[in-house]
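Coordinate inspection notes
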Amino acid sequence: MPEVYGAEDQNWSISQGQDEVMYFANNKGLLVYNGAKWQLYDSPNSSIVRSVKVIGEKIFIGNYMDFGYWVKDDFGILQYTSIVQNKNINLLEDEEFWNILEFDQWILFQSLDRIYIYNTQNEGIQLIESETTITKIFKVGDSIYFQKINQGIYKFENGQEILVTDNQLLINKIVINVFQDGDGVLLQTKEDGFYIFEKGVIKTWDTQLNKKLSNYSIYNTIKLRNGDYILGTVSNGIIYVNKEKEITYEINQSSGLGNNTILSLFEDMRGNVWLGLDHGINNINFKAPFRVYKDNLGIIGTVYTTLIENDIFYLGTNQGLFYKDHTKNETFKFVKGTEGQVWHLSSIQNQIFCGHDKGTFIIENQRAKKISDIDGTWIVKEVENSPNLLIQGNYNGLYILEKRSNNWYLRNKIKGFDISSRYIEFLSQNELLVSHEYKGVYRIEVDKQYRNIVSLDKTKIEKNVKSSLISYNGQVYYGAKDGVFGYNKLQKEFVRDSILSQLYSFQDYSSGKLVHSNDKLFAFSNKGITYVERGKLSANYQLSFLPLPNSVRETKDGYENISYIGKNQYLIGTSRGYIISELTNNLDPINYTVKLNQVTSHRLNGKSRFLNLLESSELDNDENYLQFSFSVTDYNKYLPSFYQYRLNGFNDSWTDWSVKSNAVFENLPYGEYTFEVRAKVGSTIAKNTSQYQFTILKPWYISSTAVILYIVLSFIVVIIVHLIYRTYYRNQRKKLLKQKERELEIKQLENEQQLMYFKNLDLQKDIEAKNRELGMSAMNLVKRNELLSTIKKELSAAVEVEDLSKVVKLINKNLEGTSDWEVFEEAFNNTDKDFIKKLKTQHVNLTSNDIRLCTYLRLNLSSKEIAPLLNISIRSVEVKRYRLRKKMNLPHEASLSSYILQL
């Protein structure tokens, strides 16, 4: 069934590479799809691409006024080369290239007026011109066919045009494709069906088929690998024609196509058929084990319940009740009067009951007959051993329907219970269980007439949103998020069933809805549908899984439904139609491959750059923001693709499985890294793990060069520091030595000073002693002279002078002698040796007596004390002092004694 992709605008041609990447010739450029991501490449010369053909590693394209090829570089980016520009080809005005074919080493580019032949070996160009319009060229076996309008069918042989046929049966018909058919050639026309050309004769391939095809305008056709044909029409979608020349089915916009105009068709490597539409792209997987009906027009709505009765297919939806003949290819019709939600459909006693938001209906001959006006009928069930009674659950409780005169009527409401009753299951004839999602499960006992509640108990089972209640193989089960619980009649409580609880995958839980159909019990999860059934050779349950994820089912949680429609096929209602699927998990095994598409790096707030995918990369330390883009090619699309990755060197643990197809790492530290990604489609693990190695360099300041530089600098610094310290210590030693020397000198000086001090003390003592001696000497002289003077006076007073004259002369001699003065002068010089020198220097005119007087004044002797020393009177001393002042030129106010003491 179609899968609509978001590639808008016209898509004229489709091709596929060996890596399964799809390429589309689009009105806006070359459109590329790898199964996870779409990319649009705009040719530098023209954005309108009319044709595309992948040949080897090159993607050849035909543009408006240009043709050339794209090649993927080492960074995973396509780069374009224009053959027209490289070969300086002169094109016709507004020439466009609608078809590309490969023929041995040549590539043929076809416009409406020319065919350009490009030699891939020597890159030469040949040109074939036509006088008439060339609609299309076709490769059939080893020949190239083309049609010239109103002239016939031609083929190329040895570079020459050769007429194949100009039969009038085809002369005025447009041939849109040519196929090999045994020994003949099958020609597909635009509006007149197929013709076979064999042994020079043209005839109708199948008259009945051509009659049907004459009602359509065919734009293109492909032959599938299984021999069937798909015809793309101008306004009616696609037509599938099998090998038996029968139209198997038609698919158009009303049955799910995005558009009815099919511009291109392509069968990929896995058998998927791609449709390039006038507005968009579709993909059809004919090998899928299910068929999807999508109500793109929103007429049917969300399917809540389904039923097949007497080959009539009924859909109960949020829009009402619809039906169609299951054996015919026709559209659904609406049952009038059933507008609104249809909650329930069941066949009871060969009558179809419809539980509706507006009440209860019986459907007879596709007409609705209301039998109950009570709003909101959830369910209608038979009452055990009472064929004329039915019980129904409504929004406000339980009601009884009664059959009278072969007609059903609403009889009564069961009093004493007013809770919404979506699920009802009987435990016995008068005992039943009723489930309410938000309130829990109630055990109810009613009277024999089904009019009143006898007893009402609420079970201990925990209430659960999207839960359900169902009877299977004689046992009542309650389905919820915590598992499947069976009702134990002895304990009157629900007990968890460990085997049936395996129906739920708790990690992918979507709802607890259980459905019983065709002796199977179904449960629904996000990953698929799980079901159990009794074994054929034992009573044990067999658990099976249908890989139909919710992304494909698109069912409303809590309202899942599935119905058996025969031939091992089941119908599953969805929010936009329904799915018909076989119960098989033995899908064709596919070897999926995960690919690393792009790796980019950038600095903080910097521009991204692509990294080479074929070799490892070295990145600067600040280029540590990386993004990885990866994908697994899966165009079936009925199973989700999951990815798991890790970055060895940063975090060796795999991430959780996710549908996200890219990974971003920010601010990575320096080091060596290996990015690894693996994938799975559904539960099938891809066969490979894709990886990419890169290194983020150390910052320059801790790089190897920097470390060596640091070592050298450190060595130099150590040497310099050593020299500095050596010089410093040497200087310090010198300084210390000088300091020690100075200290020693100071110590020595101190010692010398102390010695000098002591010497001075000794000298002072000597001086004092000398002074004392000098003073004593002077005093002795004074006293002696005084004594002698006294003796002299006394002697002079004697009577007999002559007898004493010798004594007096002797005394005078002693008084006037200089020997005592010389002794005194020597002693004085020893005490004050510089005084006499200074005195003589400053006053050169002084006599020896003046000097003698000054010496006595220096000793601070008074005139009275000096007089005896000079052997003169005190008066004479004063006169001498006066004269001495004058010689010294002392002012009148100056003191002579003070002056002499200061010298």
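The preceding data block contains the structure.
Residues numbered from 1 in each chain as written. Predicted model: local features only at pLDDT ≥ 70, side-chain atom pairs only at ≥ 80, totals over all residues. Heavy atoms only, no water.

What follows concerns unusual backbone geometry. Even without being a glycine, Tyr450 presents a positive backbone phi close to 60°. Tracing the backbone through its elements, the reader meets Tyr450 in the loop between strand S44 (440–446) and strand S45 (453–458). Of note, Lys492 is a non-glycine position whose phi angle comes to about 55°, a positive value. Following the sequence through the fold, Lys492 ends up in the loop between strand S48 (483–488) and strand S49 (493–496). Residue Lys492 is classed as partly exposed on the basis of its relative accessible area of 44%. (Helix = DSSP H or I, 4+ residues; strand = E, 2+ residues; numbered from the N terminus. Buried < 20%, exposed > 50% of the residue type's maximum accessible area, 1.4 Å probe, protein only.)

What follows deals with the environment of Arg678. Relative to the elements of secondary structure, Arg678 occurs in strand S63 (residues 671–681). Beyond its immediate chain neighbours, meaning those up to four positions away, Arg678 contacts Val594, Phe642, Tyr643, Gln644, Trp654, Trp657, Asn688 and Thr689. Among the polar contacts made by the side chain of Arg678, one reaches the side chain of Gln644 at a distance of 2.7 Å. (Contact = heavy atoms within 4.5 Å. Polar contact = N/O pair within 3.5 Å; in protein donor to acceptor, adjacent residues only side chain to side chain.)

Between helix H9 (residues 848–858) and helix H10 (residues 863–870), the shortest axis-to-axis distance is 10 Å and the interhelical angle comes to 140°. Judged by the angle between their axes, H9 and H10 are oblique. For the pair H9 and H10, the sense of crossing is right-handed. Contacts between H9 and H10 pair Arg852, Leu853, Tyr856 and Leu857 from the former with Ile866, Leu869 and Leu870 from the latter. Grouping the constituent residues of the contact of H9 with H10 by class yields 6 nonpolar, no polar and 1 charged. (Axes fitted to C-alpha atoms, helices over the stretch in contact; angles between N-to-C directions. Parallel < 35°, antiparallel > 145°, perpendicular 65-115°, else oblique. Left-handed = near helix turned anticlockwise from the far one by under 90°. Nonpolar A, V, L, I, M, F, W, Y, C, P; charged D, E, K, R; others polar.)

Our next topic: the packing of H10 against helix H11 (residues 874–888). Their axes nearest at 8 Å, the elements H10 and H11 cross at an angle of 100°. Comparing their axes, H11 and H10 come out roughly perpendicular. Where H10 abuts H11, its residues Ser863, Lys864, Ile866, Ala867 and Leu870 lie against Ile874, Val877, Glu878, Lys880 and Arg881. Per-class residue counts for the contact of H10 with H11 are 5 nonpolar, 1 polar and 4 charged.

Attention now goes to the pattern of salt bridges. Using the criterion set out here, one finds 22 salt bridges in the structure. Residues Arg404 and Glu402 are paired through a salt bridge, measuring 3.0 Å at the closest nitrogen-oxygen approach. With a relative accessible area of 37%, Arg404 lands in the partly exposed category. Note that Arg443 and Glu431 form a salt bridge whose closest N and O atoms lie 2.8 Å from each other. Taken as a pair, Arg443 in strand S44 and Glu431 in strand S43 (residues 431–436) lie far apart in primary sequence, 12 residues in all. Residue classification places Arg443 among the buried positions, given a relative accessible area of 8%. Look at the salt bridges and you will find they share partners, linking Glu431, Arg443 and Asp457 into a network. (Salt bridge = Lys/Arg side-chain N within 4 Å of Asp/Glu carboxyl O.)

With that out of the way, let us pick up a positive patch on the surface. Taken together, the side chains of Arg726, Arg730, Arg733, Lys734 and Lys738 make up a positively charged region of the molecular surface. Note that Arg733 resides in helix H5 (residues 704–796). What makes Arg733 exposed here is its relative accessible area of 57%. (Patch = residues over 30% accessible without salt bridge, like charges linked within 9 Å, V, L, I, M, F, W, Y side chains within 5 Å. Areas by Shrake-Rupley, 256 points an atom, 1.4 Å probe, with all protein chains shown as cover. Lys, Arg positive; Asp, Glu negative; His and termini not counted. Charge placed at Lys NZ, Arg CZ, Asp CG, Glu CD.)

Moving on to the nonpolar core. Judged by nonpolar contacts, the single largest core of 27 residues is most densely connected at Leu626, Phe628, Phe630, Phe665, Leu668, Phe675 and Phe694. Taken together, the elements giving at least two residues each to this core come down to strand S57 (594–602), strand S60 (625–632), strand S61 (641–648), strand S62 (662–665), S63 and strand S65 (690–696). Counting residues per element, this core draws most heavily on S63, which supplies 5 residues. (Core = buried A, V, L, I, M, F, W, Y, C linked by side-chain atoms within 4.5 Å.)

Here the focus is the packing of aromatic side chains. On inspection of all chains with the given rule, the structure shows 57 aromatic pairs. With centroids separated by 5.3 Å and ring planes inclined at 70°, the aromatic side chains of Phe179 and Tyr229 adopt a geometry described as edge-to-face. Residue Phe179 is found in strand S18 (residues 175–181), and its partner Tyr229 is found in strand S23 (residues 229–233); the two are separated by 50 residues along the sequence. Each member of the pair Phe179 and Tyr229 is classed as buried. Centre to centre, the rings of Phe313 and Tyr578 are 5.3 Å apart; their planes meet at 80°, and the pair counts as edge-to-face. Remark: Tyr578 occurs in strand S56 (residues 577–582) and Phe313 occurs in strand S31 (residues 312–317); sequence separation between them is 265 residues. (Phe/Tyr/Trp six-rings, centres within 6.5 Å; stacked < 30°, edge-to-face > 60°.)

Within the fold, Lys287 resides in the loop between strand S28 (280–285) and strand S29 (290–294). Among the residues examined, Lys287 registers a relative accessible area of 56% and is labelled exposed. Between the C-alpha atom of Lys287 and that of Glu741, which follows or precedes it by 454 residues, the distance is 110 Å.

This part is about the side chain of Glu20. Its location among the elements puts Glu20 in the loop between strand S2 (11–16) and strand S3 (22–26). Leave out the neighbours within four places in its chain, and Glu20 touches Met269, Arg270, Thr633 and Tyr635.

With that settled, the discussion passes to the sheet that holds strand S6 (residues 49–55). Within the open sheet, the 4 strands sit side by side as S6-S7-S8-S9. Their pairing is antiparallel. In the strand order of this sheet, the two ends are held by S6 and strand S9 (78–82), each with one partner. For this sheet, the mean angle separating the axes of adjacent strands, direction not counted, is 25°. Relative to S9, strand S8 (residues 66–72) is paired through 5 bridges, and the arrangement is antiparallel. Bridge pairing in S9 links Trp70 to Tyr80. (Pairing = 2+ DSSP bridges.)

Turning to the pairing of S31, a few remarks are in order. Within S31, 6 of the 6 residues are buried, leaving the element largely enclosed by the surrounding structure. Of the two faces of S31, the one holding Ile312, Tyr314 and Gly316 and the one holding Phe313, Leu315 and Thr317 are both buried throughout. Where strand S30 (residues 303–309) and S31 come together, 6 bridges link them in antiparallel fashion. Opposite Thr305, over in S31, you have Gly316 as the bridge partner. Taking the residues between adjacent antiparallel strands as the criterion, S30 and S31 are bridged by 2 residues, where Asn310 takes a positive phi near 55°. Judged from the 5 bridges that link them, S31 and strand S32 (residues 321–325) form a sheet pairing that is antiparallel. Paired with Tyr314 across the bridge in S32 is Tyr323. Taking the residues that link successive antiparallel strands as the turn, the S31-S32 hairpin has 3 residues, and the phi of Gly320 there is positive, at about 135°.

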